[in-house]
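# Remarks on the overall topology
Next come the chains, spelled out residue by residue.
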There are 2 protein chains.
Amino acid sequence: MPPLGLRRGRAWAALLGQLLRPPRAVCAGPVRPHSQFAEAVLTSQLKPYQEKSNFILKTPKGTRDFSPQQMVVREKILDIIVSCFKRHGAKGLDTPAFELKEMLTEKYGEDSGLIYDLKDQGGELLSLRYDLTVPFARYMAMNKLKKMKRYHVGKVWRRESPTIAQGRYREFCQCDFDIAGDFDPMIPDAECLKIICEILTGLQLGDFLIKVNDRRILDGMFATCGVPESKFRAICSSIDKLDKISWKDVRHEMVAEKGLAPEVADRIGDYVQCHGGLSLVEQMFQDPRLCQSKQALEGLGDLKLLFEYLTLFGIAEKIRFDLSLARGLDYYTGVVYEAVLLQAPAPAEEEPLSVGSVAAGGRYDGLVGMFNPKGHKVPCVGLSIGVERIFSIVEQRMKTSGEKIRTTETQVFVATPQKNFLQERLKLIAELWDAGIKVAIKREHIVAEIQKRLLQS
Amino acid sequence: MPPLGLRRGRAWAALLGQLLRPPRAVCAGPVRPHSQFAEAVLTSQLKPYQEKSNFILKTPKGTRDFSPQQMVVREKILDIIVSCFKRHGAKGLDTPAFELKEMLTEKYGEDSGLIYDLKDQGGELLSLRYDLTVPFARYMAMNKLKKMKRYHVGKVWRRESPTIAQGRYREFCQCDFDIAGDFDPMIPDAECLKIICEILTGLQLGDFLIKVNDRRILDGMFATCGVPESKFRAICSSIDKLDKISWKDVRHEMVAEKGLAPEVADRIGDYVQCHGGLSLVEQMFQDPRLCQSKQALEGLGDLKLLFEYLTLFGIAEKIRFDLSLARGLDYYTGVVYEAVLLQAPAPAEEEPLSVGSVAAGGRYDGLVGMFNPKGHKVPCVGLSIGVERIFSIVEQRMKTSGEKIRTTETQVFVATPQKNFLQERLKLIAELWDAGIKVAIKREHIVAEIQKRLLQS
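Rules behind the numbers
- Residues numbered from 1 in each chain as written.
- Chains lettered and ligands numbered in written order.
- Predicted model: local features only at pLDDT ≥ 70, side-chain atom pairs only at ≥ 80, totals over all residues.
- Heavy atoms only, no water.
- Helix = DSSP H or I, 4+ residues; strand = E, 2+ residues; numbered from the N terminus.
- Contact = heavy atoms within 4.5 Å.
- Areas by Shrake-Rupley, 256 points an atom, 1.4 Å probe, with all protein chains shown as cover.
- Pairing = 2+ DSSP bridges.
- Axes fitted to C-alpha atoms, helices over the stretch in contact; angles between N-to-C directions.
- Buried area = accessible area lost by both parts, 1.4 Å probe.
- Salt bridge = Lys/Arg side-chain N within 4 Å of Asp/Glu carboxyl O.
- Polar contact = N/O pair within 3.5 Å; in protein donor to acceptor, adjacent residues only side chain to side chain.
- Nonpolar A, V, L, I, M, F, W, Y, C, P; charged D, E, K, R; others polar.
- Disulfide = S-S within 2.5 Å.
- Buried < 20%, exposed > 50% of the residue type's maximum accessible area, 1.4 Å probe, protein only.
- Expected span 1.5 Å × (residues − 1).
- Core = buried A, V, L, I, M, F, W, Y, C linked by side-chain atoms within 4.5 Å.
- Phe/Tyr/Trp six-rings, centres within 6.5 Å; stacked < 30°, edge-to-face > 60°.
- Lys NZ or Arg CZ within 6 Å of the ring centre and 35° of its normal.
- Least-squares fit on C-alpha atoms with pLDDT ≥ 70 in both.
- pLDDT = per-residue confidence, 0-100.
- Parallel < 35°, antiparallel > 145°, perpendicular 65-115°, else oblique.
- Left-handed = near helix turned anticlockwise from the far one by under 90°.

## Topic: the overall build of chain A
Within chain A one finds 16 helices and 14 strands. In chain A, 73% of the contacts between residues at least 6 apart in sequence involve partners at least 24 apart. Put simply, chain A shows about 19000 Å² of open surface, and 51% of that area lies on carbon and sulfur atoms.

Written out as structure tokens, the structure reads:
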């Protein structure tokens, strides 16, 4: 069998020269159809993604198939994201879709109920991964690694009530970038924010903003406002809802459901409605109540340094210090952040898409230590890009613009105007494949169609 | 914020010209380290993939992480496979990791017990997908598609007793290519075999052979040998084990466990020990017993046509008609095939790797119809590449050759010989990132190391 590639002795060079741009038709018979007809044939072959049909034949709740058209869009998005991760020196990593159930316990706080467990069919108890961060920390600890900059693109699963209109699914793809190891303070954190900016800019999603806060500032605020320590994480979860529900409703949840004293809630309210830039950080340094907390001062000091680096990176104007940003996950220990789009990129006449945050992350210095028998810690900071939401936006943008998506890369059709020449066609096709050219076999009736159009023209 | 890409007004052109091949060091301070030292620093950073450490901290049985080194190898393999699928005009498709449990029932015969079920946490009953073929058929039926050429690369899960030494895992990646729809007989089947040949050749896995048979020939053989129809699939499963266990053991299983009459088993034995090329197909046409079966004659007729096309494609010498090839899955209806490597590509002094089949597939004309309320059929044929086994071979080959694997694509290090210049470094790095250049920040102690070596040299 001849080797693949362009090593064939025959005169493919001339043909290859013509193949820089697809698609064309190569005719084994006497009639040479015009390439526009071949184009028309191709377009008619791109079947539209039809609506899902009946009640039994479906994908599980909160999941979906990706049609060839959607795959093209998804791959374009992932390419931009992964290129950025690689530009920042990250290595690839992959972990299994499921973990031992015990690996995931006590990592996600109130959200743990959303984990998909596998049925006990004998052997180990397993759960589908809930994010890519905990498997990364498990990998670091398991392999006794002290340092790593890695990216991971993969699916995760959460049993959330799916609001598909908002781009929320039970199965969704995450693109994670994390830096583990001891580095100069806040430099990896600043790099994570820089990466988010590069990706959101590269994807041309319109203007965006990254809210930044620090868990230590939150904890210091809770402590100095009079929240009992046992309620820190529960109150944190309530605060985290401030981007979805009003302060009034959050306050009600904290007081009525979580038993916080009303005056404590009001003190918190004064803080969590603040947001600004470096000047707000400096203002908080002067806040007499917050200054009583050593933790809060540490957090504020780090944020100040962070803003210095963000200025050097040229992205300080994209970052907002926001005392209401909490992030739901239990494992964060320092700076946390969340990127939101400021406006939907859809045209003015369309309903603006509500997509929530499109990227988020933070510092989790304790997670690797939770997997280490001796508790040895490895400081980590990372980010996660929410691809499904970005996908909804890009897909809608393409639909609005009427942009045609090619789902195949075919360069050549081999066809004959009669039913004959099958042997010649197959031989020719095999030679083109062996030469690395993208070829599709055309069926008789399509060939007849080309011929008919040629006769009409 | 400046746009990404190479649009910056500054004089990057000269720098870019030097960056065609990584890695180099760009110095913000006065000393310009020699690039060989930067290379040495890079190499020392590639931590080896250490052995897994203890009994609790592990991945689930039969699963594994892919380290950065392994990811590089895996991506190279997948690139070759996907390029071939695209060359043959396939579109991409993705489906959820799990399906409604009922979608998977009655599709896999004796192997159904290996399906991973999800725990019933309220709502739908779900199972992890067992292959990519059944989800593809479900997708075709659900979207009422009559024709599609698609590829799908994704993980599947089977609760097999893992023999990891042989490259068998409970979580593994499949690369599937399928052609659905009405086409001229045996042309899509021949294309599938061509694709397997192109991929195995492209991956340079050494010599290989593709065994081919037809379910109708098997069924005709069973009928004319006297196997009761109710035992066809069970006997099929026994025959399928002939590549792993001897004829004697298969015969024992059929007679003692599956209740077949010994003389019937012996009649089957005469056939399943036959293999050859087109001449064997023609010989079987003359076989007085087999000729009594209309089904077998249909299968033989199709195989004859298939061999004609395989000759035109230049791959007939890679194909062997093998009457023992059965394939375990229930859904096959016509031609079936399985590719095996004829020799391990490892050097002579190494133990040859036993990897079993590396690709397989066949025709399944009834599967889409099983999902259609009116039973409308869509004929399909496809193939699946077993990436894990190929991965074991390529990984061992690279280990043996001592080939170094780069896990990052860094083009530039920015470092200073003193602790100063942090601000200058960060500004320079951000500009390089914005210009699309792959840059890594280096820490002080590494810079000191470079300086030390420079002073020594």
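The discussion continues.
## Notes on the sheet that holds strand β8 (residues 275-276) of chain A
Residues and elements named next belong to chain A. Ordered by their spatial adjacency, nine strands build an open sheet running β2-β5-β6-β12-β11-β10-β7-β9-β8, and the pairing between neighbours is mixed. Because the sheet does not close on itself, it has two edges, and the strands there are β2 (91-92) and β8. Note that β2 and strand β5 (residues 148-157) share two bridges and pair parallel. From the neighbouring strand, K91 faces β5, where its bridge partner is R150. Packing of helix α14 (residues 387-401) onto the sheet brings it into contact with β6 (171-180), β10 (335-341), β11 (357-363) and β12 (380-386), and relative to β12 it is tilted by some 35°.

## Considerations on the interface of chain A and chain B
Many analyses report the size of an interface as the accessible area lost when the parts associate. In this assembly, 107 residues from chain A lie in contact with 107 residues from chain B. Taken together, both faces of the contact between chain A and chain B bury some 9400 Å²; the carbon and sulfur share is 59%. Taken together, the links from chain A to chain B amount to 14 salt bridges. Residue D117(B) is joined to K119(A) by a salt bridge in which the shortest nitrogen-to-oxygen separation is 3.8 Å. Linking chain A with chain B are 33 residue pairs in polar contact (both at pLDDT 80 or more), by the criterion used here. Looking at the side of chain A that touches chain B, its residues break down into 46 nonpolar, 22 polar and 39 charged.

## Thoughts on the state of the cysteines
All names here are of chain A. Applying the stated rule across the entire model yields zero disulfides over all chains. With no disulfide partner, C197 has as its closest neighbouring cysteine sulfur the one in C84, 9.9 Å distant. What makes C197 buried here is its relative accessible area of 0%. Of all cysteine sulfurs in the structure, the one in C225 sits closest to C236, which takes part in no disulfide; the separation is 13 Å.

## Describing helix α15 (residues 422-434) of chain A
Residue and element names in this part refer to chain A. With 13 residues, α15 ought to run about 18 Å at 1.5 Å a step, and its terminal C-alpha atoms sit 18 Å apart, in line with that. Residues of α15 that are buried: R425, L426, I429, A430, E431, L432, W433 and D434. At the exit of α15 stands G436, carrying a positive phi of roughly 80°.

## Brief notes about the environment of D287(A)
Along the chain, the position of D287(A) falls in the loop between α11 (278-285) and α12 (294-312). Within the structure, the side chain of D287(A) is placed 2.8 Å from the backbone nitrogen of L290(A), a separation counted as a polar contact.

## Re the nonpolar core
With 98 residues, the main nonpolar core has F85(A), I210(A), M221(A), F222(A), I268(A), F321(A) and Y337(A) as its most contacted residues. Grouped together as the second largest cluster of nonpolar side chains are 97 residues, I81(B), I217(B), C225(B) and I235(B) included.

## Digging into the packing of aromatic side chains
Applying the stated criterion across every chain yields a total of 20 aromatic pairs over all chains. With centroids separated by 5.1 Å and ring planes inclined at 65°, the aromatic side chains of Y331(B) and Y332(B) adopt a geometry described as edge-to-face. A single burial state applies to Y331(B) and to Y332(B), both of which are buried. Each member of the aromatic cluster is reached from another via a ring pair, and the members are Y108(A), Y130(A), Y331(A), Y332(A) and Y364(A). The ring of F136(B) has R150(B) lying over it, and the distance from NZ or CZ to the ring centre is 4.2 Å. Positioned over the ring face of F208(B) is K318(B), at 4.7 Å from the centre of the ring.

## A closer look at the relation of the copies chain A and chain B
Under the fitted operation, chain A is carried onto chain B by 0.0 Å of movement along the axis and a turn of 180°, and the coordinates agree to an RMSD of 0.1 Å. In symmetry terms, the pair is related by a two-fold rotation axis. Both copies contact each other with a shared surface, as 100% of the interface residues of chain A are interface residues in chain B too.

## What to know about the pairing of strand β11 (residues 357-363) of chain B
Residues and elements named next belong to chain B. Counting buried positions along β11 yields seven of seven residues, so the element is predominantly enclosed. Summarising the sheet, strand β10 (residues 335-341) and β11 pair through five bridges and their orientation is antiparallel. Bridging from a neighbouring strand, E338 pairs with A360 of β11. The pairing of β11 with strand β12 (residues 380-386) spans five bridges and is antiparallel. Paired with G361 across the bridge in β12 is L383.

## Here's the deal with the pairing of strand β6 (residues 171-180) of chain B
All names here are of chain B. Of all the ten residues making up β6, ten are buried; the element is thus mostly covered by neighbouring parts of the structure. Relative to β6, strand β5 (residues 148-157) runs antiparallel, the two being bridged by ten bridges. Counterpart to K155 in the pairing with β6 is C173.

## A look at the pattern of salt bridges
Pairing of side chains with opposite charge becomes possible as their charged atoms draw close. A complete count under the given rule lists 58 salt bridges over all chains for this structure. Salt-bridge contacts for R74(B) lead to D94(A); the nearest nitrogen and oxygen are separated by 2.9 Å. A residue pair is termed interchain when its members come from two chains, as with R74(B) in helix α3 (residues 68-87) and D94(A) in the loop between β2 and β3 (98-100). A relative accessible area of 12% places R74(B) in the buried class. The class of D94(A) is buried, set by a relative accessible area of 6%. Between K194(B) and E198(B) there is a salt bridge whose closest N-O contact spans 3.1 Å. With K194(B) and E198(B) both in helix α6 (residues 187-202) and four residues apart, this pair spans about one turn of that helix. Residue K194(B) shares its accessibility class with E198(B), and that shared class is buried. Ionic contacts of the salt-bridge type, sharing partners, join the residues D214(A), R216(A), K294(A), E298(A) and D302(A) into one network.

## Comments concerning the confidence of the model for chain A
Residue and element names in this part refer to chain A. Residue-level pLDDT values for chain A average 84, and 82% of them are 70 or greater. Predicted confidence is poor over residues 1-23, with pLDDT under 50, and the contacts of this stretch with residues over four places away or in other chains come to 44 contacts. Low pLDDT, under 50, characterises residues 29-55; the predicted model gives this stretch 57 contacts beyond four residues in sequence or across chains.

## With respect to unusual backbone geometry
All names here are of chain B. At E106, a position not held by glycine, the phi torsion is positive, near 60°. Along the polypeptide, E106 turns up in the loop between α4 (101-104) and β4 (126-128). Residue classification places E106 among the exposed positions, given a relative accessible area of 68%.

## Re helix α12 (residues 294-312) of chain B
All names here are of chain B. The terminal C-alpha atoms of α12 lie 28 Å apart, and with 19 residues this matches the ideal 27 Å at 1.5 Å per residue to within 8%. Of all the positions in α12, only A296, G299, L300, L303, L306, F307, Y309, L310 and L312 are classed as buried. The residue sitting at the N-terminus of α12 and contributing the capping side-chain oxygen is S293; that oxygen lies 3.4 Å from the backbone nitrogen of Q295. Remark: G314 follows α12 within two positions and exhibits a positive phi of approximately 75°.

## Here we look at the environment of G154(A)
Residue and element names in this part refer to chain A. With respect to the helices and strands, the residue G154 is situated in strand β5. Relative accessible area serves as the criterion here: at 10%, G154 is assigned to the buried category. The spacing of G154 and D94 is 60 residues in sequence and 7.9 Å in space, taken between C-alpha atoms. Filtering out sequence-adjacent residues up to four positions away, G154 remains in contact with R129, L132, F172, C173 and Q174.

## Let's talk about the packing of helix α8 (residues 232-239) of chain B against helix α9 (residues 247-257) of chain B
All names here are of chain B. Where α8 meets α9, the axes come as close as 9 Å, and the angle between the chain directions of the two elements is 160°. As judged from the angle between their axes, α8 and α9 are roughly antiparallel. Judged by the twist between their axes, the crossing of α8 over α9 is right-handed. The segment α8 lies against α9, with I235, S238 and I239 engaging V250, E253 and M254. Taken together, the residues of the contact of α8 with α9 break down into four nonpolar, one polar and one charged.

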